[in-house]
Amino acid sequence: MLKLNDFTILIGGEAGQGTRLAGNLIANIFNKLGYFVYVYEDYQSLIRGGHNFSEIRVCNEKKISRKEKIDVLIGLDKNTISLHKSRLSNGDLIIFNGDRVKGEKGIQVLSDKIVKEEGGIPQMVNVTLISALVKVLGVPFDILEQVLKERIKRGIDLNLKIAKRVYDEVEKKIEVLRLRENNSILLTGNEATGFGLAIAGLEFYFAYPMTPLTSLLNFFSQRKNELKVNVFQPESEISVINMALGSAFAGKRSAVGSSGGGFALMVEAISLALQAEIPILIVEGQRAGPSTGMPTYNLQGDLFFVFGAGHGDIQKVILHPGDAEDCLYLANLGLNLAWKYQLPVILLTDKDIAENTFPVYKTMFNKLKKEEAKIFQANEEYLRYKITEDGISYLAFPGSEYIVKVNSYEHDEKGITTEDEIICSKMHEKRRKKFETLKKEMETLETVKIYGNLKSNVALIPLGICKGVALEIAEEFGFKVIFPYFLSPFPENKMKEALAGVEKIYTLELNSTGQLSTYLKMFDIKAQPILKYTGRPFIFEELREKFKNYEI
């Protein structure tokens, strides 16, 4: 019996061959066996052709980053074998479609022939190779059967028939040890975000399709009855956010999602949300820019853009996850904060967080909740923008017994437009006051997460998806990892507490300008940026090479 301490499987093919579904099936098989699984998705901006692949990393402890070496290569086409064969750690564990790949050593499955003989369709080819993998590793067929029934809704009987034929024909090489029952589930960052928002009481989700947030739109569309979330796809991102603000004005918890190009169209409405004090949560999933850039690859170049989005003295909350568990927690917290403080909250993710698959502990859901907003119920005149001690006015909604006036102009407590210098000053101070109230609450929240060697004099501050590889580098070299959940308001006191005794700081960023390290200078935190801007995340081996000569 073989225990998989750290084992990577790569399955690849052309767009349209179902590599992503295949990777998801493999991931769920190993999750059922009790392993922690992380899936990296790599695909081109093509509907057909090109080269797509999924890397499934299987470990007996939680790892959420990529490694250069792979242990099994599964090729739906010849191109996959040619591109990735050199990455094999043992050089010969290849499983391939023998009808399309000729002259290759390894485990050959005549996939096209088998599927045709059984009356299947071309997309079922990936099931033949997954079944071969399962048999080679000595995984019981009933595990594969369970996963196929859970994940495939159409043609399941035929898929099972094809899978069983291959399973019976392929020879077992090893037998993978089944661990105790796993207490984690597999979620993409977008799926985790969706669950976090739904538990915080989300009622309406508005979005226009844009990678990498399209799958969040699909998530809510597919689960709208289960989660009780209404889903709308307007004609543009301008309509998206303005419809969402109208929905929130009417008392319905609303959220929107897009990437940088779509978010750009929302910027004016963000200022409206702040001036009118309308709660809104915005998911901004970064991808490679500028402009269209590489639309299916990752760069973390929107940091300054998100900070500056909106004109005037604008203050907003920016939350920053590094994996799916963070998305679950911060999406839930963010929607609650938006309604508690009546302001825009941005959840800043990136392509790899949004679309990759992570292990999420089931107990994380116990931390989620819906917090009630400050609702007006007094028997007196309603003042929408009443100046209060904490800066937070009471909410009331159209259709109630109260007259509700919301204004994009500067206004008085009733919501009536004014240019009176004293009233205008007081309203600016009111909006700042509730931000100061938020900062006080942040002292009671988990705004900074610390990992690794707490006594180390070297700290890594990763941005987004870089968190996973930072944790592995820290384990290898004995470093500390400091991960700020809040970027705005910045948890300055907690960050400086976390950095006590640290002599050298590195940021890990997927951009070419070191935006995080530049931002940290505003708080007298001097960090040396380590940058990558190929569109792909850091790989463990390349970072280890950078640090291998470092003496602590």
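Residues numbered from 1 in each chain as written. Predicted model: local features only at pLDDT ≥ 70, side-chain atom pairs only at ≥ 80, totals over all residues. Heavy atoms only, no water.

(A) Seen up close, the overall build of the protein chain. When helices and strands are counted, the protein chain shows 20 helices and 20 strands. C-alpha extents for the protein chain along the principal axes are approximately 80 × 55 × 45 Å. Within the protein chain, buried positions represent 60% of all 552 residues. Long-range pairs, those at least 24 residues apart, make up 71% of the contacts in the protein chain between residues at least 6 apart in sequence. Of the roughly 22,900 Å² that the protein chain leaves accessible, carbon and sulfur atoms contribute 49%. For the protein chain, the centre of its 70 positive side-chain charges and the centre of its 70 negative side-chain charges are spaced 3 Å apart. (Helix = DSSP H or I, 4+ residues; strand = E, 2+ residues; numbered from the N terminus. Buried < 20%, exposed > 50% of the residue type's maximum accessible area, 1.4 Å probe, protein only. Contact = heavy atoms within 4.5 Å. Areas by Shrake-Rupley, 256 points an atom, 1.4 Å probe, with all protein chains shown as cover. Lys, Arg positive; Asp, Glu negative; His and termini not counted. Charge placed at Lys NZ, Arg CZ, Asp CG, Glu CD.)

(B) A look at the pairing of strand S11 (residues 280–286). Counting buried residues along S11, seven of its seven residues qualify, which places the element largely inside the surrounding structure. The side-chain alternation of S11 yields two buried faces, one formed by Ile280, Ile282, Glu284 and Gln286 and the other by Leu281, Val283 and Gly285. Across four bridges, strand S10 (residues 254–258) lies against S11 in parallel orientation. For Ser258, the partnering residue across the bridge sits in S11 and is Glu284. (Pairing = 2+ DSSP bridges.)

(C) Representation of helix H17 (residues 466–477) in the model. Here H17 is twelve residues long and its end C-alpha atoms lie 16 Å apart, about the 16 Å a rise of 1.5 Å per residue gives. Within H17, nine of the twelve residues are buried, which leaves the element mostly enclosed by the surrounding structure. Restricting attention to buried positions, one finds in H17 the residues Cys466, Lys467, Gly468, Val469, Ala470, Glu472, Ile473, Ala474 and Phe477. In the segment just after H17, Gly478 is the residue with positive phi, at about 75 degrees. (Expected span 1.5 Å × (residues − 1).)

(D) Structural view of the sheet that holds strand S19 (residues 504–509). Pairing is mixed in the open sheet, where five strands are placed in the order S15-S17-S16-S19-S20. Each edge of the open sheet carries a strand with a single partner, namely strand S15 (448–452) and strand S20 (528–531). Averaged over all adjacent pairs, the angle separating strand axes in this sheet is 25 degrees, with direction ignored. Pairing of S15 with strand S17 (residues 480–484), which is carried by five bridges, proceeds in the antiparallel orientation. Bridge pairing in S17 places Gly452 opposite Lys480. Contacts from helix H20 (residues 540–547) reach strand S16 (458–462), S19 and S20 within the one sheet, and its direction differs from that of S20 by about 145 degrees. (Axes fitted to C-alpha atoms, helices over the stretch in contact; angles between N-to-C directions.)

(E) Structural detail: the domain arrangement of the protein chain. Splitting the protein chain by domain gives domain 1 (6–169), domain 2 (190–366) and domain 3 (448–549). The distance between the C-alpha centroids of domain 1 and domain 2 comes to 32 Å. Listed per partner, the contact involves 13 residues of domain 1 and 14 residues of domain 2. The junction of domain 1 with domain 2 conceals about 1,300 Å² of combined surface from both sides, 49% of it contributed by carbon and sulfur atoms. Contact with domain 2 buries area across many residues of domain 1, yet Tyr43, Lys62 and Ile64 alone supply 38% of it, more than any other trio. Inspection of the region where domain 1 meets domain 2 yields one salt bridge. Between Lys62 and Glu325 there is a salt bridge, with the nearest N and O atoms lying 3.1 Å from each other. One can count ten residue pairs in polar contact (both at pLDDT 80 or more) joining domain 1 with domain 2. (Domains from an automatic or database assignment. Buried area = accessible area lost by both parts, 1.4 Å probe. Salt bridge = Lys/Arg side-chain N within 4 Å of Asp/Glu carboxyl O. Polar contact = N/O pair within 3.5 Å; in protein donor to acceptor, adjacent residues only side chain to side chain.)

(F) A look at the environment of Phe204. Structurally, the position occupied by Phe204 is in strand S8 (residues 204–207). Separated by 332 residues in sequence, Phe204 and Arg536 place their C-alpha atoms 33 Å apart. Aside from chain neighbours lying at most four places away, what touches Phe204 is Val229, Asn230, Phe232, Ser247, Lys252, Arg253, Ser254 and Ala255.

(G) Representation of the sheet that holds S8 in the model. An order of S9-S8-S10-S11-S13-S12-S18 is seen for the seven strands of this open sheet, with the pairing classed as mixed. Each edge of the open sheet carries a strand with a single partner, namely strand S9 (230–232) and strand S18 (486–488). Shown here is a sheet whose adjacent strand axes are inclined to one another by a mean of 20 degrees, direction ignored. One ladder, built from three bridges, connects S8 with S9; its direction is parallel. Within S9, the position partnered with Phe206 by the bridge is Phe232.

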